[in-house]
Amino acid sequence: MWRLRRAAVACEVCQSLVKRSSGIKGSLPLQKLHLVSRSVYHSHHPTLKLQRPQFRTSFHQFSSLANLPLRKLKLSPIKYGYQPHRNFWPARLAARLLKLRYLILGSAVGGGYTAKKTFDQWKDMIPDLSDYKWIVPDIVWEIDEYIDLEKIRKALPNSDDLAKLAPDFDKIVESLSLLKDFFTTGSPGETAFRATDHGSESDKHYRKVTDKEKIDQLQEELLHTQLKYQRILERLEKENKELRKLVLQKDDKGIHHRKLKKSLIDMYSEVLDVLSDYDASYNTQDHLPRVVVVGDQSAGKTSVLEMIAQARIFPRGSGEMMTRSPVKVTLSEGPHHVALFKDSSREFDLTKEEDLAALRHEIELRMRKNVKEGCTVSPETISLNVKGPGLQRMVLVDLPGVINTVTSGMAPDTKETIFSISKAYMQNPNAIILCIQDGSVDAERSIVTDLVSQMDPHGRRTIFVLTKVDLAEKNVASPSRIQQIIEGKLFPMKALGYFAVVTGKGNSSESIEAIREYEEEFFQNSKLLKTSMLKAHQVTTRNLSLAVSDCFWKMVRESVEQQADSFKATRFNLETEWKNNYPRLRELDRNELFEKAKNEILDEVISLSQVTPKHWEEILQQSLWERVSTHVIENIYLPAAQTMNSGTFNTTVDIKLKQWTDKQLPNKAVEVAWETLQEEFSRFMTEPKGKEHDDIFDKLKEAVKEESIKRHKWNDFAEDSLRVIQHNALEDRSISDKQQWDAAIYFMEEALQARLKDTENAIENMIGPDWKKRWLYWKNRTQEQFVHNETKNELEKMLKCNEEHPAYLASDEITTVRKNLESRGVEVDPSLIKDTWHQVYRRHFLKTALNHCNLCRRGFYYYQRHFVDSELECNDVVLFWRIQRMLAITANTLRQQLTNTEVRRLEKNVKEVLEDFAEDSEKKVKLLTGKRVQLAEDLKKVREIQEKLDAFIEALHQEK
C-alpha cells in the first residue's frame, strides 16, 4: 500500500507541473519534468513492471541530459527498495532529433550566404561587355518598347533571396555524419569525443592541403574560367558576325527595307574619309587618331597587323626589308571580306588564296613604284581599305622597320629616312603607338623603344607588344626576364598596356585561323600564365585588338570636340578672306571650276563649225602658197625660165610639176590644213571674251588643246584623193577669160615682188648699209661686207654688158672677176663670188620677169591665138595660173575635209581629253591653280567636314 501511495504522490506532482505550464500549447517536453517523474512509471500504465531499483550515484552518465535545468521540489523521503526499471531511449532520441533540426537550419543560412558570395565573385570575373554594345543589332536595344521587362524583373525573385534558399551541402553532410556517430555503438561520451577528435584531424589535414595547393588551385581555376568565358565570347562574336553579314547582304540586295539607324562608328568613319581626302600630305591629319605600328625590322609588325585585319595581306620575306613605304589600312565592317585600294575599283576577295597573292603582289609593286631611284624607302603612303564581317573600324599604319645598320644594296640615308618617317607619324598627339618588340631576341638590341620613349615619354598613348613569346619561353633561360619585359622594367619607355602575342610558327603559308588556334593552345599550356608572370588579359592578339580598338575610339571621342572647334575657326577665317578678296564671285571649288571650263571649251570647239567656207579657203590657200612658194619659184619656175624656147619651158614645167605632185604636194597640203585647224582652234580657245574671260582657265585650255592636237591624226585616205585632184588641176592649161588672165598676172606679180623684196634684203645684209645709212645712222661696213660690195659691183657691170646672161658663171668669168678685184686690192675667194652672183642674178632675173609680166597684161588676145604671129610669149603667166588654180581647188577640198570630218573628230578628241582630265585629280590640281581655287577648295572641304563633325557630336551627346 505504501508503494501505491508514493506513486499517487508522484502523479500529483506531475499534474501540478502540467497545470503550472498550461499556457504552453502542446505537450510538455520531457526535459521539463522532475527527475523523479521522468524515472517513475505511473501505476495505471498497462506495461507497468515492478523491479528492484538500482542504486545510482550520479546522473552524469547520461551526458545528453546532464545540462538540463532541474526544479527543486520538497518530496517526502524515499526509502530504497524495489522500483520499476528506468528506460530513457525515447528521451535520448527526441533530444538528438531536436538538435538535428537546429543544425540543418543553421547550415541552410550559412550555405545561402556562401552561395551569394560565390555568385558575386563569379559575376566580377565575367568581362565587361558594355563596350561591345554596338555589335548587337538595334532591334535588341529597342525590345523594351514591345516587352515590359520591368514587370518581368519584379516578378522574378531577388538574387539575395535565391542565395538564402540555397543550402550548404558540405555542412549538411557534416551534420549527417555527426548524426551517424550519435547512433553508433559505445557510450555517448565516447562517441562525442571520437567525433570531436576526428573533426580536429580533418581540420588539420585541410589546412595542410590549403597551405600547399590553394594558390595553385585558385590560379588554375581562374585561368580555366577566363578561357571558358573567352570561348563563350568568341562563339558569340562569331554568331554575331554571321548575323551581321546576313543583314548587310540583305541590305546590299535591297531585300532588307527597314531603315537602320546609322551608328556612331559609321558616322565617324565618314568624317575620317572626308578628312583623309582633305590633304594627302598628312599635314591636316596630324590631329586625327590612328594606330601607328612601329618596331625593329622583322619584329613582327606586319604579322600583328594581319592578325588584326584577319588576312595575310602583306608581302613577306625572310629577313629582308619588305615594307618600303607606309601602308595605311582602314578597317571597316562589310558583308564580305574584301580589300581594295583607294585609287582602284578592283576588289580582292580575302577568302581566296589567288586574290590574296594578287593583293600582296600589287602592294609590292606599288611600294617599288613609290621608291625613287637611288632610295630604299619612300614616305609616300599606300592607302588600302579592308572590309569584312566583325572587323573593328579603325585606321592602322604599318611603317618600315627601324634598322640599326645600313647593309649593302641600301641607300646611305635609309636609316635616317626611316627615323624621319616614323617620327612624322608618331608626332601626331592623337596617334596610338603600337610598339612591337621581338621577344626572341635580347631586349638590349631594341632600337624602337628609345625612339618611342622620345616621342611619348609618359606613355599616355603607347601600347607595348611582345611578339614571338613561344620562342622566348623556349630560349630564355630565366622566365622572369619575360615578365620584366612585359611589366616594362627592362626599358625606359612607359606604356598604357603591355601584351604578349604569338604570330605563328614562322611558316608564311599558315592561315589566320591556324595561327589563332596555335596561340590559344600555347598560352593555355604556358608556364607564364600558370606562374602568374602574365595575366590572362595580356595575352593573345584578340585581347590586343580589343584593347587597341578601345584605346582608338577613346582617343577619337576625346579629339572630336577639339577638331570641331578648330574647323569652326578655320571656316570663319576662310569665309572672311573670301569676302574681302572676291566679293562678287561665287565660291566654286576645283571640280566646279573644271565643269565650267569644260563647257566653255566644248562651246569653243563647236564654234569651229561656225567658220564660213570662204574664210577657211582663204586661210588654207594663203598658208599653202606660203609653204610651197619657195619650191615653185626656185625649183620649177627659175629652171624652166632658163630654157631658150616655149616648148622646152612647158616640158620642163610639166615634168617638175608631176614629180612635185607625186611626192610632196599632197603631204604639204595636209600639213597645212592640220596647222590651220590648230591655229583656228587655238584662236578660239585663247581669244579674250571681254569681261566674261576668266584667266584661271588659261592653263587648262592650253593643256586640253595640246593633248587634243597630240591625239588627233588626219585621215590616211585624204592624201590619196588629194593627189588625184591636184594632178588634174595642174594638167589644165586653158584660161577661159580675161578675168582669169588678169588674176594670174596679179598673182605672178605678187609672188615675184615678194621674192624680189626678200632678195633685196639678203643683198643688203650681205653688203652692209649704203652711203645714206652710213651718214644718217653712223654705221660702217665690216671688211667682209666691203668685199661683198666690191664683188657685187663687179658682177653688176658684167650683167649690164650681157643682160641675157645665163644663171651660172663660167670658170673663166669667175677668174676674170677675181683678177679685177685683186687689181683694186681686194682679195676674194671664188666661193664668195658664187654666193654673191646668186643673189645678184636672182634680183636681175626677178626684175626682168616683172617687166615681162607687165608686157603680158595685154597678151590674152595672143594667148587665145596660141601666140601665132607674135613675138610675145607668156608661158610663165600660164604656169602661175595653173599654180593658182591648183591652190584654189586644194583649199576647197581641204575645207570640205575639215568641216565634214576633221572638226568632228577634233571635238570628239577634246571630249575624251576632258573626261580623262576629270578623272585625274592630280591633273586638275596642276592645271587649276591659284589662291582663289585653293581658297574655294578649302572652304568647301571645311564646311563639309564641320557638318559631319557636328552631326557626329550631336549623336554622341544623345547617346550619353
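In this text, all values refer to a predicted model and were calculated from it rather than measured experimentally. (Residues numbered from 1 in each chain as written. Predicted model: local features only at pLDDT ≥ 70, side-chain atom pairs only at ≥ 80, totals over all residues. Heavy atoms only, no water.)

With respect to the packing of aromatic side chains
One pass over the full model with this rule turns up 11 aromatic pairs. Aromatic pair Y637 and F845: ring centres 5.5 Å apart, planes at 55°, arrangement tilted. On the criterion of sequence distance, the pair formed by Y637 in helix α20 (residues 613–641) and F845 in helix α29 (residues 830–855) is long-range, its members being 208 residues apart. Comparing Y637 with F845, the two get one shared label, buried. Aromatic ring contacts, followed pair by pair, group W625, Y637, F747, W837, Y841, F845 and F880 into a single cluster. Above the face of the F341 ring, R366 is positioned so that its terminal group lies 4.0 Å from the ring centre. Above the ring of F684, the side-chain terminus of R683 is found at 4.6 Å from the ring centroid. (Phe/Tyr/Trp six-rings, centres within 6.5 Å; stacked < 30°, edge-to-face > 60°. Helix = DSSP H or I, 4+ residues; strand = E, 2+ residues; numbered from the N terminus. Buried < 20%, exposed > 50% of the residue type's maximum accessible area, 1.4 Å probe, protein only. Lys NZ or Arg CZ within 6 Å of the ring centre and 35° of its normal.)

Some thoughts on the UniProt feature "coiled-coil region" (unreviewed entry) in the protein
The UniProt record annotates "coiled-coil region" (unreviewed entry) at residues 215–253 and 896–923. End C-alpha atoms of residues 896–923 are separated by 36 Å, and the span's content is 96% helix alongside 0% strand. (UniProt positions renumbered as here; feature names shortened; annotations may be inferred.)

Quick word on the pairing of strand β5 (residues 382–388)
A large share of β5 lies buried, amounting to six of its seven residues. Bridge analysis of strand β2 (residues 327–333) against β5 gives seven bridges, and the strand direction is parallel. Paired with V327 across the two strands is I382, which belongs to β5. Here four bridges tie strand β3 (residues 338–341) to β5, and the two strands are oriented antiparallel to one another. Within the sheet, the bridge partner assigned to V338 lies in β5 and is K387. (Pairing = 2+ DSSP bridges.)

A word on the packing of helix α25 (residues 738–767) against helix α31 (residues 875–919)
Two numbers describe how α25 lies on α31: the axes approach to 8 Å, and their chain directions differ by 95°. By the angle class used here, α25 and α31 are roughly perpendicular. The segment α25 lies against α31, with Q740, W741, A743, A744, I745, F747, M748 and A751 engaging D876, V877, V878, F880, W881, I883, Q884 and L887. Counted by class, the contact of α25 with α31 contains 13 nonpolar, two polar and one charged residues. (Axes fitted to C-alpha atoms, helices over the stretch in contact; angles between N-to-C directions. Parallel < 35°, antiparallel > 145°, perpendicular 65-115°, else oblique. Contact = heavy atoms within 4.5 Å. Nonpolar A, V, L, I, M, F, W, Y, C, P; charged D, E, K, R; others polar.)

Quick word on the state of the cysteines
Counting across every chain of the model gives one disulfide. What pairs with C856 in a disulfide is C874, and their sulfur atoms sit 2.1 Å apart. Note on the C856 and C874 pair: the S-S dihedral is about -100°, so by sign convention the disulfide is left-handed. Note that C856 is positioned in the loop between α29 and α30 (860–864) and C874 in the loop between α30 and α31, a separation of 18 residues in sequence. Neither C856 nor C874 differs from the other in exposure class; each is buried. Among the cysteines around C853, which has no disulfide bond, C856 carries the closest sulfur, lying 6.7 Å off. (Disulfide = S-S within 2.5 Å.)

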